[in-house]
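# Fold and geometry: a report
Residues per chain are reported as follows:
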Amino acid sequence: MEGADAERTVVLDAAADSPRTASWRETFENVIVPTLFGFVVGAGWQAFLSPHLTYGMPNPPQGGLLVMMLCSPLLHRWLTHHPQYRWKEYLGGVATLAFPLLLIWSTGLGGFVCGGYLAVVVWIWVSTSWWRFNLPPFRSALWHTLGVNIGALGGSLLYYSVMM
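## With respect to the layout of surface pockets
- The space that makes up the largest pocket amounts to roughly 250 Å³.
- For the largest pocket, the lining is made up of 14 residues, of which Asn30, His81, Phe133, Asn134 and Leu135 are closest to its centre.
- The element that contributes the greatest number of residues to the lining of the largest pocket is helix 2 (residues 24-49), accounting for 3 residues.
- Its residues assigned to classes, the lining of the largest pocket shows 6 nonpolar, 6 polar and 2 charged.
- Approximately 200 Å³ is the volume attributed to the second largest pocket.

Encoded structure:
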């Protein structure tokens, strides 16, 4: 009986460690809010700033990333559960991904493939797997930056297609 009880304990412990599903709060904080933030900034950038830019740079996804860097202390406070003094770590995560994306978006068509399609694929993968972990601010910022990038692209494209 000892072997059967020990085996049952191991099975129960393994069941307790099985992955749970993401809560609505986790989904809201890590997927919806960053994407909506990017969507609003991208659409606003397309509406109000892009018509006045001589060379079209920075474009709306770049604008979304730049505004995100400026607002990183607030986004850290609203979207993570870490102490506020760790906002610089959050900004480091934003900058680590935003700077390469800013360069990629400067390349034209290649920017759409890498900054758009590839970023969407990575963002979907991250959004379906990273919620299982207690992430430090740096990794949360990477996740949120992908969401802002995708949201800004979507917002600017929607505004351009509907309003222009």
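## What about the packing of helix 2 against helix 4 (residues 72-79)?
- Their axes nearest at 11 Å, the elements helix 2 and helix 4 cross at an angle of 150°. Of the possible angle classes, the one that applies to helix 2 and helix 4 is roughly antiparallel. Considering only the axes of helix 2 and helix 4, their crossing is right-handed. On helix 4, the residues that touch Glu29, Asn30, Val33, Pro34 and Phe37 of helix 2 are Leu75, Trp78 and Leu79.
- A breakdown of the residues in the contact of helix 2 with helix 4 according to their chemical character gives 6 nonpolar, 1 polar and 1 charged.

## Comments concerning the environment of Trp45
- With respect to the helices and strands, Trp45 occurs in helix 2.
- Considered as a pair, Trp45 and Pro58 are 13 residues apart in the sequence and their alpha carbons are 9.3 Å apart.

## Looking at the packing of aromatic side chains
- Under the counting rule described, the total for this entry stands at 2 aromatic pairs.
- Judged by centre distance (6.4 Å) and plane angle (70°), the rings of Trp125 and Trp130 are edge-to-face.
- A relative accessible area of 11% means that Trp130 is categorised as buried.
- Measuring from ring centre to ring centre gives 6.5 Å for Trp130 and Trp143, while their planes differ by 85°; the resulting arrangement is edge-to-face. Taken together, the residues span a long stretch of sequence, with Trp130 in the loop between helix 6 (109-129) and helix 7 (137-163) and Trp143 in helix 7 at a distance of 13 residues. Of the two residues examined, Trp130 and Trp143, each falls in the buried class.
- Pairwise contacts between aromatic rings join Trp125, Trp130 and Trp143 into one cluster.
- The ring of Trp130 carries Arg139 above its face, with NZ or CZ at 4.4 Å from the centroid.

## Regarding the pattern of salt bridges
- With the rule as written, the count across this model stands at 2 salt bridges.
- A salt bridge links Glu29 to Arg25, with the nearest nitrogen and oxygen atoms 2.9 Å apart. Separated by 4 residues within a single helix, Glu29 and Arg25 lie in helix 2, roughly one turn from each other.
- Residue class for Glu29 comes out buried when judged on its relative accessible area of 9%.
- Close ionic contact of Arg86 with Glu89 constitutes a salt bridge, the shortest N to O distance being 2.9 Å.

Rules used throughout
Residues numbered from 1 in each chain as written. Predicted model: local features only at pLDDT ≥ 70, side-chain atom pairs only at ≥ 80, totals over all residues. Heavy atoms only, no water. 1 Å grid on protein atoms, 1.4 Å probe; cavity = no way out; pocket = protein on both sides within 12 Å on 5 of 7 lines; lining within 4 Å. Points joined across faces, edges and corners; volume = space filled by probe spheres on them. Helix = DSSP H or I, 4+ residues; strand = E, 2+ residues; numbered from the N terminus. Nonpolar A, V, L, I, M, F, W, Y, C, P; charged D, E, K, R; others polar. Axes fitted to C-alpha atoms, helices over the stretch in contact; angles between N-to-C directions. Parallel < 35°, antiparallel > 145°, perpendicular 65-115°, else oblique. Left-handed = near helix turned anticlockwise from the far one by under 90°. Contact = heavy atoms within 4.5 Å. Phe/Tyr/Trp six-rings, centres within 6.5 Å; stacked < 30°, edge-to-face > 60°. Buried < 20%, exposed > 50% of the residue type's maximum accessible area, 1.4 Å probe, protein only. Lys NZ or Arg CZ within 6 Å of the ring centre and 35° of its normal. Salt bridge = Lys/Arg side-chain N within 4 Å of Asp/Glu carboxyl O.

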